[in-house]
Amino acid sequence: MNALQRHRKLDLVWASQPGFRGWFSSVNHTDLGRLFLVTAFFFFLIGGLLAMLIRTQLATPGSAFAGPEIYNQIFTMHGTIMMFLFAIPTFEGLAIYLLPKILGTRDLAFPRLTAYGYWCYVFGGAMLLASMVLGIAPDGGWFMYPPLTSSIYSPGINTDFWLIGITFVEISAIAAAVEITVTILKYRAPGMSLDKMPIFAWYALVTALMILTGFPPLILGSVLLELERAFGLPFFQADLGGDSLLWQHLFWLFGHPEVYIIFLPAAGVISTVLPVMCRTTLLGYGWIVAAAVALAFLSFGLWVHHMFTTGIPHMGLAFFSAASTLVAVPTGVQIFAWIGTMWKGRPELHLPMLHLLGFFVTFVIGGLTGVMVAVVPFDWQAHDTAFITAHLHYVLFGGFVFPMLAGIYYWLPHVTGRKRNFRLGELAFVLIFTGFHVTFLAMHWIGLMGQRRRISTYLPEDGWTTINLISSVGSFVIAIGFAIVILEVILNTASARRGGRNPWGAGTLEWAMSTPAPSYNFASLPHVTGRDPLTDDPKLPHALARGEGYLATPGRWRETLTVDIATGQPDFHVIYPGNTRLPILMAAVTGVFFLSLLLKFYWTVPVAVIGVAVLVWRWVWALGRTEDLPAQDIGHGIALPNAASVDRSPGWWGSLFLLTANATFFGSLLFGFAFLWTVAPGWPPPVWFTPSMAELALGIAGAGVSAVAVRMAIRTIRQGGQPMFAVGLGLVAVLILVAALGLLMLRAPSPDQHAYGATLLVLGGYGLFHACLTALMFAFLAARISRGFTSAARRAEFAIVRLWVDYLAIVGIFILLMAHLTGVTA
Amino acid sequence: MTDVLRILIAPLVWLAAFSAVYGVHGVICGQGIETMPRALLVGAFILTIGLQVAVLAALYAPRFASPSPFVRFVSQATGWVGLVAAVWTLFPTTVTTYCM
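What counts as what
Residues numbered from 1 in each chain as written. Chains lettered and ligands numbered in written order. Predicted model: local features only at pLDDT ≥ 70, side-chain atom pairs only at ≥ 80, totals over all residues. Buried ≥ 20, exposed ≤ 12 C-beta atoms within 10 Å, placed from the backbone. Helix = DSSP H or I, 4+ residues; strand = E, 2+ residues; numbered from the N terminus. Pairing = 2+ DSSP bridges. Domains from an automatic or database assignment. pLDDT = per-residue confidence, 0-100. Expected span 1.5 Å × (residues − 1). Contact = placed C-beta atoms within 7 Å. Core = buried A, V, L, I, M, F, W, Y, C linked by C-beta atoms within 7 Å.

What follows covers the pairing of strand E2 (residues 570-576) of chain A. Residue and element names in this part refer to chain A. Among the 7 residues in E2, 5 count as buried, and that is most of the element. Pairing between strand E1 (residues 558-563) and E2: 6 bridges, direction antiparallel. Within E2, the position partnered with Thr562 by the bridge is Phe572. From the end of E1 to the start of E2, which pair antiparallel, there are 6 residues, and Gly568 there has a positive phi angle of about 80 degrees.

Okay, here's the thing in structure tokens:
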């Protein structure tokens, strides 16, 4: 088979459906990555237009351009769009497009999940845009502090759009994070051990793990605030045992890591692009990996530095001030590693390099003002002034937008397959760089002169007029720069000349394929022996196209292989699902769920929940087969077992990381309970939960027996038996736990009278949801056994259910003990 | 996965200990605990340092260290990060007022 024949056969198997239909049924990472990026930049344009409106309003004193109500919506939506609908999805889009290519594989771990995440993002983002068009957009600032956003002070639907819309969009972030984590750990080219992973993959891995542990506190906060607004559960009302500071803790537990979730992927782009621009290799690869990990962890210890003015005791302030200064160290390690890379190489001033230099100047200034605001007395002076707005723009624009512009120009030839021949980008860089510093240096100054952030107008006597005007002029210069970038990208995509492969002479694997990338990425999968496979072997692309790698013979299926996490040795053969509209359908039904909550059509909520459950059932069912697959030949004399025949299948890894996010959600809920109990005014509650040893014992027994039953089932299936009895036992045990948790919710003190009752209701609801989910899983296993879908060589689903059952047993027992024992101690 | 855990363990211990000490501080101030609060906080600080030293020692010990030189280097570097972070961020337990 020659290269062209191989290409045709592979494309037949891997390509999305042609035309418009393909948009809705594609599960291909290249298509979805491009869609993600285009959609994210569409939102960036809208966020940018809103920024222009803000600067128009503030350009002159006493401006009548927008009234305060509309102005509040404008700045809230600007922040919300830039943070949730542009920055994070841009990372997701880039990672989805790039990771399989740079890791030397054919697709991400869960292609349908990629599509589901994309459509959740589109539908959730559309909800927020619709609110803006209707003039009922969120208006409480992008961090939505109660009590301003409680139903008492914000009775309209505006805040609900934010809480529900953002939670919907965050499904997309969690889905992408699970996808990215499992892909990086398991879906790499053979031979790619951890020390040979491209540096972008390390950054993406750290970022994805941060999303899994950083986003759940905000999802919890949004759920609690929406429950308070919709049903009067007083989590944030001080007179009923709640505390508005709880929101600030939950929000910033997410919000500060969020800054690094935005910066780290950009740092990955810098670490990838900079060595190529400098014709050298990255200096201090190991140090950079360690610094990225350190930065990720330290960033979770900084959240209270956003709350220095809330009256926290000195020792608390000192903890977080110390942590905030410490985080500068790993950031500095990376900066010095990049400077060292430039020093040892021969930098060439191509357009991506210009943007990288723009990053250095801007980000270092932003970092230094960050150290300033980490110092408590300075923060007390600068808090909530325009100085903070300027600081965060230096960090985020410098630390994300400039590197992403470098990335756009670096990978544009890969996406389009064309050579850049319109030289507009250099002019755009000058305008963006100059405009940015004019806008935001001025904003530092005006902040130190006392201008508060988020004010809709000011008086001529304040003395801020000239500086604000300069700042506004600068912002319009930035806008012109971005207009030129868009024009150039469109011109290049539409009309530039075809380019050759690997125009930058890079060493990473994404350039080892024809461009634009074929649907299957690699005609055969490479064997990696170093960090820069293309530098080591410039003829690698031709060898792969000739079928000299792994999985060179196109089959009936979309197939790839997984590797051992540490060594990169191939371990299993994987078969992917094909094109399907299931993800968009499920995202739409998920959207009905959120829309029903938003519009308070509560009768459609259970309909949507059942709809999602049915679709999930179908989703998982489609993966099964009724016959055992023999070990598959992957070439070079190696045969691998199918991933469905083992306990640690891709689904097991996906569940493990989803449960990591889930456990963080539960941990945040426990933190909230402890915080209210120890810190909030209005405690103890007027009524405590009445404990029942019978219910407690029944619930614990149910949790324990379900965990034993699933183990019995696994042992039976391994021995070649059919474990229907064990699965049935597990189902009954889980239903007993359902009853115990249901009784807890029914007997909890009135949830609208005190935060204690409200917290017990949410804890019980969390446990009940997981118990119902696990019951559904046992029912699914029973159906699979009865239809002949399981055997000793098709047992992966049992191990996945075991993970969920164990998790349920732990949280179920914990919840029951919390409720009943608090009642006993009271 | 063991290698990934080796890299993550020390900063993870720091994060857990840092949150726990902040929680202890919250309980002391929120509940008005008056029995040796400073000793409790400094004890937690010393315990955290002890834990970080133990983790770091384990990352250097042949029995627990990774066979991969790269993972060994990165895990030891993050081990030092955990120790330095523990000393630096929890040092205020020894000097600042706790409930003012």
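What follows concerns the domain arrangement of chain A. Split by domain assignment, chain A resolves into domain 1 (267-499) and domain 2 (651-825). Domain 1 of chain A and domain 2 of chain A are separated by 44 Å when their C-alpha centres are compared.

Across chain B, the average pLDDT comes to 91, with 100% of residues at 70 or higher. Reported confidences for the modelled complex are a pTM of 0.95 and an ipTM of 0.94.

Right, let's get into the pairing of E1(A). Where burial is concerned, most of E1(A) is hidden: 6 out of the 6 residues are buried. What you see with E1(A) is no split at all: Arg558(A), Thr560(A) and Thr562(A) on one side and Glu559(A), Leu561(A) and Val563(A) on the other are buried throughout.

Attention now moves to helix H19 (residues 582-599) of chain A. Compared with the 26 Å implied by 1.5 Å per residue over 18 residues, the 25 Å span of H19(A) between its first and last C-alpha is a close match. Positioned one or two residues after H19(A), Lys600(A) has a phi angle of 60 degrees, which is positive.

All names here are of chain A. The omega torsion across Pro146 and Pro147 is 10 degrees, close enough to zero to call that bond cis. Note on placement: Pro147 falls in the loop between helix H5 (111-133) and helix H6 (158-186). Following Thr515, the chain continues into Pro516 via a peptide bond in cis, with omega recorded as -5 degrees. Along the chain, Pro516 turns up in the loop between helix H16 (465-495) and helix H17 (533-536). Its identity is not glycine, yet Asn502 carries a phi of approximately 55 degrees, on the positive side. If you check the backbone angles, Lys600 has positive phi at about 60 degrees while not being a glycine.

Moving on, we get to the interface of chain A and chain B. Where the parts come together, the accessible area they lose is often given as the size of the interface. If you look at the interface, chain A gives 25 residues, while chain B gives 36 residues. Elements that contribute at least two residues to the side of chain A that touches chain B include exactly helix H9 (285-299), helix H10 (314-326) and helix H21 (650-679) of chain A. Sorting elements by how many residues they give to the side of chain A that touches chain B places H10(A) first, with 8 residues.

Attention shifts here to the nonpolar core. Membership of the largest hydrophobic core comes to 302 residues, with the highest contact counts inside it found for Leu99(A), Ile174(A), Ala201(A), Ala204(A), Val206(A) and Ala292(A). Excluding anything up to four places from it in sequence, Ile174(A) contacts Ile211(A), Leu212(A), Phe215(A) and Ala661(A).

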